[in-house]
Amino acid sequence: MPEPFRVNVLGPLEVRRHGAQVSIEGTKKRQLLAVLVAARGDAVPVDRLYAALWGPNPPPSARASLQSHVSRLRERVQPELEVVTMWSGYGLDLRRVELDGVRFESLVELGGRLAPVEVLGDALRLWRGDAFTGFAELPSVQGEARRLDELRLTTTERWMDARLAADEQGLVGELEALVTEHPLREHFWRQLMVALHRAGRQAEALRRGADLRTMLRELGLQPSPAILQLESRILAEDLTLRPDPGRPARRPASPHGGREPTSLIGRESDVAAVLDALAMRPVVTICGPGGVGKTRLAMRAAHAARDSFDDVVVVELAPVRDPDATPQMVAAALELEQRQHRSLEATVEDFLQDKSLLLVLDNCEHVLEAAAPLVDRLRRRCPGVTVLATSREPLGLPGEHIHLAAPLTVPAEGASSLREVADASAVQLFVDRARAARADYVLTETEAAAVAEICLRLDGLPLAVELAAARMRTMGSRALASRLDQRFALLSGDRKIADPRHRTLHHLVEWSYDLLEPAEQESFSQLSVFAGSFGLDAAESVCQPSSPNQLEAVGLLVNLIDKSMVQLIDADEPRYRLLETLRDFGHWRLEDAGRLDPPEGRHRSWYLGLAERAELGLEGPEEGRWSQDVERDFDNFRAAHASAVRCGDLDCAARLVTALQEFSFRRIRYEITNWAEATALMEGFADEPRASSVLAVSAYGHWVRGDLEAAIDLAGRSREMHEALSSAPNALAERVLGNALFYCGRTEEALAAMEAMLDGAHASGSASRLAHALYMSSVAQTSIGDPRRGADLADRAWTAADKCGSPSAAAQAAYARGVALRPVDADEAGRALQHAAELGEIAGNRWISAFALTEVHSLSAQRGDLIPALQGLAGVIDTWHRGGDWANQWLSLRHVFGVLVRLDTPRSAAVLYGALVAKGVAHALPSGAADAENMSAQVDIVRQLLAPTEFAAAVRTGAAMSDTDLIAYLQTEIECRTS
């Protein structure tokens, strides 16, 4: 199971996603994160953030720069960690995040009630250094850092007290180190004196007491009465300094080692070997049978290798059923969308060409036909990318290094004594997981032979061992060994699976399945239709019993979790998942019995209902929450749509596309447009009531990717189909036409399309749709030279936004107002646009936020803050480039051109001008009435600064550049100007 999203402050500040460190570049962004984390979700006023980032005298550009840092930070940590804009500043939404500081405090509290030695020890092992290392002296962090450091010391004191009370030996060395590091913590001195006394070193105990008195005397201090009393008791050989003689003897430590439920046992040499291979080869594949621990090994190796790369990205391919979806999963993990005139594979390649990155592809075996060509492409064309894959078989590529993940070591045949058995890593794993199932379990001499037999029978496969150990809750090891032996003997004739270890795991899973109650078996199999994680409500809807009077879904889930057949990954939501091996088995059971269609149909129905509820929720004040909910279940929405296409459920496929379109556009997840195209190819599509809306979604995809003629054609067909079917309009076709026609300079046609969009929005009765139509109409009117009309429409958009309560609607209205005000009141325009960006962030609407920030940074440049403006625009361009949003990318690049001219970088400006001319973006929205004249004047400046031949050469260079090459060129230029 992938590790949760974590923020670690008990040492150097770290952010980890799936166990891999999230790279947050730049001191300012890390300082910002430290201050926000230290506030633990409370709002941090912007004045305190200014002070943290720039000291007591922040520069005039602090506000715009802060917004830029916030935006870049959000891009790295969302969706799990939300940076929330509050009226007084910023704060963090920590509900989906594990903070090691919070985990530490919880364990400390638990240690006061239960097993203090173990629990407090676990708490202290979370520390990697001083709290907020490197940022602890920031005024807004200092208090929290010192509080945590002090709690660490008091917890260490309590832990040592507990270990002394348990009569643990060998504490003298640890305590000597503690008094050396913290000489003024008298409690450690007292503990050291007690430990020395118990070790029979009375004289040394008294000498250390004298050392303490000497040190304190030099400081003008006196030892406490407790020290003096302790010295007297040591001199008197006070027996009460010994552990209570009436207390039962402490149970001896078992030979297996740690208690961590996700510990990686017996894999040290494997991790080292994988790390060596990663340093030498572009592709490393960890191969082995199902259940051998490939994923856990890969995640640990990726974690260990993180410092060798700028970034580590993990792609979980387990939820994928259709191999053709593999590139989409890789792109989604990279937060990347398909670009103009490029396949998705080419888009991924373009993006990664100049990156230093470790790409982890987990569970490739069922998508090899798509994964292998993609990896081969990256191997040949992206020299800074290393791929670490896990698969039951190799990818089959030149230069691929294959690391065979062998099963854990098992005892020798016939081994029966504790000494012979305990060192085998399979036994250590069994004992570790058995203790999780039964807290009082200890491996004893009498248990050793049975446990050895279990591990031998299971070939040392970690997953098989864990499943067997989970049965220790209900039976002893000898009974378990006997039942495994009988079961496997019955199955030994089964030769359907060639690899003996695959048979072992299959048999073990089948045995575990057969031990379930019939209702549990039915529920487990039906759960296999989920892709990725799922919630309780979804499970209750999909898992329908075939007979009455069965346990409810929640009771069955609890039973399945207890038996290690289902994993609980979030207790608060709650959310669950099946390991891929178990999911495959459950899916096979359904297919084999011919019972796959009903639960898949219920899965489609549940997620269609959720999508349509979200569609409504996105139009109201709870938009941000609904956006997060859809994002969290996107794998299941994807699976539901693929299932609908596969089985010919046109109604479901079309409704999913139309319900999720607005979410996808706002989050810049244009994958939905590919779903629309797949839906349009289904039999009977022309008669589908939502056909016109689906075509409009497809048209939108062509628009954002810059295929303007196709966008106009599809949008026109959508309008014709709508008129023929008399179906309810969604105004998306007019929205596409308005944008694309403006881009092509066909202003009158564009205005007519927008007028039709406005009429449709009024007719729909939806305040949210009306707000959007008014916003677009406002920007159009301002762009053609009527800002007064634009401001009036913006005010009407604000009224509609207030009615529906949607943050996105309010952001669009604020944006329109800012654009309309810009020619007459730049300061007020800047405030409106900044507010639009912040509202967009609250809504999870990356599109409007980036759109607004383009104007914010442009205004910043207009005020003379050129470097902060350029830095901010670089972040916006990266957002569009990752999202494959060609149209909005070029709108932002027009602003970059103006900044480059003012920075006196004529050649760079000329190169960009050549690209702008080649792409023909002079008429695109939004553009002020005087924009064309301004650009012409700026071009004249560049011409004067360059020789004619140099200007012409630079223009030709820009015109010939691909989008990817141009963005890479500009990013380098911007970095040189701003570093």
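Parameters at a glance
Residues numbered from 1 in each chain as written. Predicted model: local features only at pLDDT ≥ 70, side-chain atom pairs only at ≥ 80, totals over all residues. Heavy atoms only, no water. Helix = DSSP H or I, 4+ residues; strand = E, 2+ residues; numbered from the N terminus. Rg over C-alpha atoms; globule rule 2.2 N^0.38 Å. Buried < 20%, exposed > 50% of the residue type's maximum accessible area, 1.4 Å probe, protein only. Contact = heavy atoms within 4.5 Å. Pairing = 2+ DSSP bridges. Patch = residues over 30% accessible without salt bridge, like charges linked within 9 Å, V, L, I, M, F, W, Y side chains within 5 Å. Areas by Shrake-Rupley, 256 points an atom, 1.4 Å probe, with all protein chains shown as cover. Salt bridge = Lys/Arg side-chain N within 4 Å of Asp/Glu carboxyl O. Core = buried A, V, L, I, M, F, W, Y, C linked by side-chain atoms within 4.5 Å. Expected span 1.5 Å × (residues − 1). Axes fitted to C-alpha atoms, helices over the stretch in contact; angles between N-to-C directions. Parallel < 35°, antiparallel > 145°, perpendicular 65-115°, else oblique. Left-handed = near helix turned anticlockwise from the far one by under 90°. Nonpolar A, V, L, I, M, F, W, Y, C, P; charged D, E, K, R; others polar. pLDDT = per-residue confidence, 0-100. Lys, Arg positive; Asp, Glu negative; His and termini not counted. Charge placed at Lys NZ, Arg CZ, Asp CG, Glu CD.

A count of helical and extended segments in the chain gives 45 helices and 15 strands. The globule rule puts the C-alpha radius of gyration for 979 residues at 30 Å, and the 32 Å found for the chain is close to it. C-alpha atoms of the chain, sized along the principal axes, occupy 100 × 80 × 55 Å. A burial count over the chain gives 57% of its 979 residues as buried. Residue pairs at least 24 apart in sequence account for 70% of intrachain contacts in the chain once pairs closer than 6 positions are excluded.

What follows deals with the sheet that holds strand E13 (residues 534-535). Pairing is antiparallel in the open sheet, where 3 strands are placed in the order E13-E15-E14. In the strand order of this sheet, the two ends are held by E13 and strand E14 (567-570), each with one partner. Relative to strand E15 (residues 575-577), E13 runs antiparallel, the two sharing 2 bridges. Each residue of the ladder has a partner; that of Gly535, found in E15, is Arg575.

This paragraph deals with a nonpolar patch on the surface. On the surface, Leu184, Leu219 and Leu221 cluster together to form a nonpolar patch covering roughly 300 Å² of accessible area. Residue placement: Leu219 occurs in the loop between helix H9 (202-218) and helix H10 (225-235).

On to the nonpolar core, then. In a soluble, globular protein the nonpolar side chains are often hidden away together inside. Membership of the largest hydrophobic core comes to 161 residues, with the highest contact counts inside it found for Leu527, Trp703, Tyr815, Leu893 and Leu966. Setting aside residues no more than four positions away along its own chain, Leu893 makes contact with Ile877, Leu912, Leu916, Leu966, Ile967 and Leu970.

The strand order across the open sheet formed by 4 strands is E3-E2-E1-E7, and the pairing between neighbours is mixed. Edge positions in the sheet fall to strand E3 (20-21) and strand E7 (98-99), since each of these pairs with one other strand and no more. The sheet contact formed by strand E2 (residues 14-17) and E3 spans 2 bridges and is antiparallel. Residue Arg16 lies in a different strand from E3, and its bridge partner there is Gln21.

Its 14 residues give helix H31 (residues 691-704) an end-to-end C-alpha distance of 20 Å, which sits within 8% of 20 Å, the value for a rise of 1.5 Å per residue. Counting buried residues in H31 gives 13 out of 14 residues, a clear majority hidden from the surface. Gly706 sits one or two residues past H31 and shows a positive phi near 90 degrees.

Residue position: Gln526 is located in helix H22 (residues 518-527). Setting aside chain neighbours within four positions, we find Gln526 in contact with Val542, Cys543, Gln544, Leu590, Pro599 and Arg602.

When two helices pack together, you describe them by how their axes are tilted relative to each other and by the distance separating the axes. Between helix H8 (residues 186-198) and H9, the least distance of the axes is 7 Å, while the angle of their chain directions is 165 degrees. Looking at the two axes, H8 sits roughly antiparallel to H9. Both H8 and H9 take part in a crossing whose hand is left-handed. Residues Glu186, Trp189, Leu192, Met193, Leu196 and His197 of H8 touch H9, and the partners they reach there are Gln202, Glu204, Ala205, Arg208, Gly209, Asp211 and Leu212. Taken together, the residues that form the contact of H8 with H9 break down as 6 nonpolar, 3 polar and 4 charged.

The next subject is the side chain of Ser664. Looking at the element boundaries, Ser664 is found in helix H29 (residues 650-666). With sequence-adjacent residues up to four places away left out, Ser664 is seen in contact with Phe634, Arg669, Tyr670 and Ile672.

What follows covers the environment of Ala422. Relative to the helices and strands, Ala422 resides in the loop between helix H16 (418-421) and helix H17 (425-437). For Ala422, a relative accessible area of 6% corresponds to the buried category. The spacing of Ala422 and Thr444 is 22 residues in sequence and 9.7 Å in space, taken between C-alpha atoms.

One can expect most non-glycine residues to show negative phi and most peptide bonds to be in trans. At the junction of Gln78 and Pro79, the peptide bond is cis and its omega measures out at 10 degrees in the coordinates. Located in the positive-phi region is Arg40, a residue other than glycine, with phi close to 55 degrees. Mapped onto the fold, Arg40 is located in the loop between helix H1 (27-38) and strand E4 (44-45). Relative accessible area serves as the criterion here: at 29%, Arg40 is assigned to the partly exposed category. Despite not being glycine, Glu335 shows a phi value in the positive range, around 55 degrees. Take Glu335: it is sitting in the loop between helix H13 (326-333) and helix H14 (344-352). According to the relative accessible area criterion, Glu335 is partly exposed, its value standing at 28%.

For helix H38 (residues 826-843), built from 18 residues, the straight-helix expectation of 26 Å at 1.5 Å per residue is met to within 8% by its first-to-last C-alpha distance of 26 Å. Taken together, the buried positions of H38 are occupied by Ala829, Gly830, Ala832, Leu833, Gln834, Ala836, Ala837, Glu838, Leu839, Gly840, Glu841 and Ala843. Where H38 is buried, its residues contact helix H3 (62-77), strand E5 (82-86), strand E6 (89-93), helix H27 (623-632), helix H37 (807-821) and helix H39 (846-862). At the C-terminal side of H38, Gly844 shows a positive phi close to 75 degrees.

For the rest of this paragraph, the subject is the confidence of the model for the chain. The predicted coordinates of low-pLDDT regions are not to be read in fine detail. The share of residues in the chain with pLDDT of 70 or more is 91%, and the mean pLDDT across the chain is 84. Segment residues 244-262 is flagged for pLDDT under 50; beyond a separation of four residues in sequence, or across chains, it makes 29 contacts in the model. Between residues 490-499, whose pLDDT stays under 50, and residues either more than four places distant or in other chains, the model counts 10 contacts.

Here we take up a negative patch on the surface. On the surface, Glu709, Asp713, Glu720 and Glu723 cluster together to form a negatively charged patch. Secondary-structure assignment places Asp713 in helix H32 (residues 708-725). Overall, the relative accessible area of 44% leaves Asp713 in the partly exposed class.

Glancing now at the pattern of salt bridges. Counted under the stated rule, the structure contains 56 salt bridges. A salt bridge links Arg575 to Asp633, with the shortest nitrogen-to-oxygen separation between them at 2.9 Å. Separated by 58 residues along the polypeptide, Arg575 in strand E15 and Asp633 in the loop between H27 and helix H28 (634-647) bring together distant segments of the chain. Overall, Arg575 belongs to the buried group, its relative accessible area being 5%. The salt bridge involving Glu855 is made with Arg822; its shortest N-O contact spans 2.7 Å. Residue Glu855 is found in helix H39, and its partner Arg822 is found in the loop between H37 and H38; the two are separated by 33 residues along the sequence. As far as burial versus exposure is concerned, Glu855 and Arg822 are alike and both buried. Within this structure, Arg96, Glu622, Arg625, Asp629 and Arg632 form a network of salt bridges that share partners.

What follows covers the pairing of E2. Strand residues, when the strand is regular, have side chains that alternate between the two faces of the sheet. Judged from the 3 bridges that link them, strand E1 (residues 6-8) and E2 form a sheet pairing that is antiparallel. Directly across from Arg6, in E2, lies its bridge partner Arg16. Two successive antiparallel strands, E1 and E2, enclose a turn made up of 5 residues, where Gly11 displays a positive phi of approximately 135 degrees. The loop that links E2 with its antiparallel partner E3 comprises 2 residues; one of these, His18, has a positive phi angle of about 55 degrees.

Between helix H26 (residues 597-617) and H28, whose axes approach to 9 Å, the crossing angle comes to 125 degrees. The angle between the axes of H26 and H28 places the two elements in the oblique class. For the element pair H26 and H28, the recorded crossing hand is left-handed. Contact residues: Glu600, His603, Arg604, Tyr607, Leu610 and Ala611 in H26; Asn636, Phe637, Ala639, Ala640, Ser643, Ala644, Arg646 and Cys647 in H28. A class-by-class count of the residues in the contact of H26 with H28 yields 8 nonpolar, 3 polar and 3 charged.

What follows is about the environment of Arg74. Tracing the backbone through its elements, the reader meets Arg74 in helix H3. Residues Arg74 and Glu841, spaced 767 residues apart in sequence, show a C-alpha to C-alpha distance of 8.8 Å.

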